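# What the coordinates show
Here is what each chain is made of, one letter per residue.
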Amino acid sequence: MTGQPIPPNMNASGANLSASNPANMPPVNCYVPPAPAGVVKKKMAFIALGLTIAASILIILGYVLAAKMGASAISNLDFSAAQAADTKRILFLAVASILNLVAFILGLIALIKSRPKTMPLIVFLVVIFLPSIAMAIGNAIQNSIIS
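For the structure given in this document, a descriptive report is provided here. Everything numeric here is computed off the predicted structure, so don't read it as measured data. (Residues numbered from 1 in each chain as written. Predicted model: local features only at pLDDT ≥ 70, side-chain atom pairs only at ≥ 80, totals over all residues. Heavy atoms only, no water.)

Below, the discussion takes up the packing of helix α2 (residues 79–113) against helix α3 (residues 118–146). Close contact between α2 and α3 brings their axes to 8 Å; oriented N to C, the two are set at 160°. Classified by the angle between their axes, α2 and α3 sit roughly antiparallel to one another. For the pair α2 and α3, the sense of crossing is left-handed. On the side of α2, the interface is formed by Asn100, Ala103, Phe104, Gly107, Leu108, Ala110 and Leu111, while α3 contributes Pro120, Leu121, Phe124, Val127, Ile128 and Pro131. Within the contact of α2 with α3, the residues separate by chemical class into eleven nonpolar, two polar and no charged. (Axes fitted to C-alpha atoms, helices over the stretch in contact; angles between N-to-C directions. Helix = DSSP H or I, 4+ residues; strand = E, 2+ residues; numbered from the N terminus. Parallel < 35°, antiparallel > 145°, perpendicular 65-115°, else oblique. Left-handed = near helix turned anticlockwise from the far one by under 90°. Contact = heavy atoms within 4.5 Å. Nonpolar A, V, L, I, M, F, W, Y, C, P; charged D, E, K, R; others polar.)

To continue, consider α2. Between the first and last C-alpha of α2 there are 51 Å, a value that for 35 residues agrees with the 51 Å anticipated at 1.5 Å per step. Of the residues making up α2, those classed as buried are Ala85, Arg89, Phe92, Ala96, Asn100, Ala103, Gly107, Ala110 and Leu111. (Expected span 1.5 Å × (residues − 1). Buried < 20%, exposed > 50% of the residue type's maximum accessible area, 1.4 Å probe, protein only.)

So, on to the nonpolar core. Counting residues in each nonpolar core, the largest one holds seven residues, listed as Met44, Ala45, Ala48, Ala103, Ala110, Val123 and Val127. Of all the secondary structure elements, the ones that give two or more residues to this core are α1 (37–75), α2 and α3. Among the elements that line this core, the one with the most residues is α1, at three residues. Judged by nonpolar contacts, the second largest core, of five residues, contains Ile59, Tyr63, Ala96 and Ala134. (Core = buried A, V, L, I, M, F, W, Y, C linked by side-chain atoms within 4.5 Å.)

Below, the structure written as structure tokens:
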């Protein structure tokens with residue numbers, strides 16, 4: 001079929017299109033639009049903020065529990081109990097650091113992908129600085145309990 005016009009019911013290779021599409025209807029577009037990107041990124045930022053707050057509470061709680069257990073262990077000269085108190089504090093810090101790692105990743109993704117970037121930037125800065133502030137508060141509480 002070279003040099004001849006192609007009939008409307010045939011394609012370039014000569015196959016009959018009217019057999020599979022008898023009404024010569026255009027193909028249906030099955031595109032489903034995705035969810036709005038701003039809402040998803042805002043949720044990621046809020047989840048990161050919640051995880052950071054939970055991690056900071058765990059940090060302070062670990063310091064307070066270690067201080068109370070350590071103070072009673074030091075007054076009784078029980079060094080194994082003092083070591084157990086420190087181990088408990090380290091476990092709390094380990095769980096808090098895992099939560100903070102997840103929060104950091106979520107905050108970074110929200111910061112990179114969202115528009116406008118003001119709220120995710122604030123959350124990202126909170127994710128970075130709040131754990132160190134919580135450690136300073138926990139250390140001050142521990143020093144005041146032990147003294």
